[in-house]
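# Structural characterization, general
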Amino acid sequence: MEKDFVISDLFTKLKHKRLNYKTGDLPKSPTDLNTLPALTAGILNQGLNNYVPKVGATVFKNVISVSANGANTGAMFYQTHPFTVLQDAYVIDLIDKLKPSDMAYLYLLGALQKSIRFNFSWTNKAGWERIKGEKITLPVDKNGLLDFDYMEAYIKELEAERIKELEAYLAATGLNDYVLTDEEKKLLDDFNSNNIRVSNFRMIDILDWQPQKEINPRALDDLYDPKVSPQPFYGQATLNNGIISFEQLTNGVLNNKNEKPTILIHSNNQNVVYLETPFYLKDGHGATSVIQSESLNKLNALFIMSVVSKSVTNLFDYNNKATKIALKNMHIQLPTMDGGEPDYDFMVVYIRAIEKLVIKGVIEWINKQIEATRDVVNSD
């Protein structure tokens, strides 16, 4: 049984002490002084994109955060670890202070997202005064009260289904083989002990900026071609790696027709994306850098992207954009061969090793979840 609720009948906006920090002055990673994750508008890292001192901050935990501004207005996350709030975001929680399980909170989050996420925009921001009158549909018991037990059971069932799908995918792709080779073990040891040769490289000296064709979204109908295959249409966003939609447009506006490994860097939000398909690109006055190299493949590109991403987020922000000129002259540190060239083979082995370690963690988590389920069944 389900029932419609007005959001403000169930949730309230929590108060917090205003912190007068400029996000551009705050670190992206914790430091000795700045240890508390801070919430801003956005979806990257669940909106926790900066760190501030814990002293004097209002600390929240096990609540729902809301992005109130920007391209991701209305994005919500259930935050299970301590954090505080900066600008353009806020926190809501159940008004009667009931504390359901984390699983039930995830159900509530899904219902809120369904009502809020795409009903607001840059010009119609998802502030509390706007969203509190919206309705959400939730399961209730025979007394008309929120049925948290049902919510928890529903999410657990979804989790079990996803675990089965994940197991099948890992087996089909061979990713369930996560044992490190001797070469991978030695390379990781050398890397972790700083026992590798690295050098500074100016990006333009090792990467090639490509000419690009950009499209005004208003022209999509005029460019439509039903005879071509759908290809991703990229814009400057962090959601879905910047893919706005999939379009069928005339070949004259298609980028990367030869399907080469490609890196996109967006100047406004410093988002770094890898792709190896043809694509369309939203116009932005050249705000996106399209980068290739004869030495690039998927694995070493992922290594380079991680280095580039760390540099651009430290050096640039919305008011100091990562323009093509700035990026071309930016220096990054990479593993180096004896002759001074970037060691692309090292990057490939390193990423492959990290991939195995991540998969190992996933498989261990799967086994732990399966074992927990088995214990519950046996106890019953």
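Structure's up top.
Residues numbered from 1 in each chain as written. Predicted model: local features only at pLDDT ≥ 70, side-chain atom pairs only at ≥ 80, totals over all residues. Heavy atoms only, no water.

## Considering the sheet that holds strand β18 (residues 288–292)
Spatially, β11-β18-β15-β16 is the arrangement adopted by the four strands of the open sheet, whose pairing is antiparallel. The sheet terminates laterally at β11 (208–209) and β16 (272–275), the two strands that pair on one side only. Sheet topology places strand β15 (residues 262–266) next to β16; four bridges connect them, and they run antiparallel. Paired with Ile265 across the strands is Val272, a residue of β16. (Pairing = 2+ DSSP bridges. Helix = DSSP H or I, 4+ residues; strand = E, 2+ residues; numbered from the N terminus.)

## Let's talk about the nonpolar core
Across soluble globular proteins, nonpolar side chains have a tendency to be buried as a group. Counting 36 residues, the largest nonpolar core has Met203, Ile304, Val308, Ile332 and Leu334 as the members making the most contacts within it. Every element with two or more residues in this core is listed here: α5 (182–192), α6 (203–206), β15, β16, α8 (298–315), β19 (331–335) and α10 (344–379). Residue contacts for Ile304: discarding those within four places in its chain leaves Leu207, Leu296, Ile332, Leu334, Tyr344 and Met347. Met103, Ala104, Tyr105 and Ala111 belong to the second-largest nonpolar core, a separate cluster that totals 32 residues. (Core = buried A, V, L, I, M, F, W, Y, C linked by side-chain atoms within 4.5 Å. Buried < 20%, exposed > 50% of the residue type's maximum accessible area, 1.4 Å probe, protein only. Contact = heavy atoms within 4.5 Å.)

## A word on the packing of aromatic side chains
Scanning the model with the defined rule gives ten aromatic pairs in all. A centroid spacing of 5.8 Å and a plane angle of 40° characterise the contact between Phe60 and Phe83, whose relative ring orientation is tilted. One end of the pair, Phe60, is in the loop between β4 (48–52) and β5 (63–67); the other, Phe83, is in the loop between β6 (76–79) and β7 (84–85), with 23 residues separating them in the sequence. We note that Phe60, like Phe83, is buried. Grouped by ring-pair contacts, the aromatic residues Phe191, Phe303, Phe346 and Tyr350 constitute a single cluster. (Phe/Tyr/Trp six-rings, centres within 6.5 Å; stacked < 30°, edge-to-face > 60°.)

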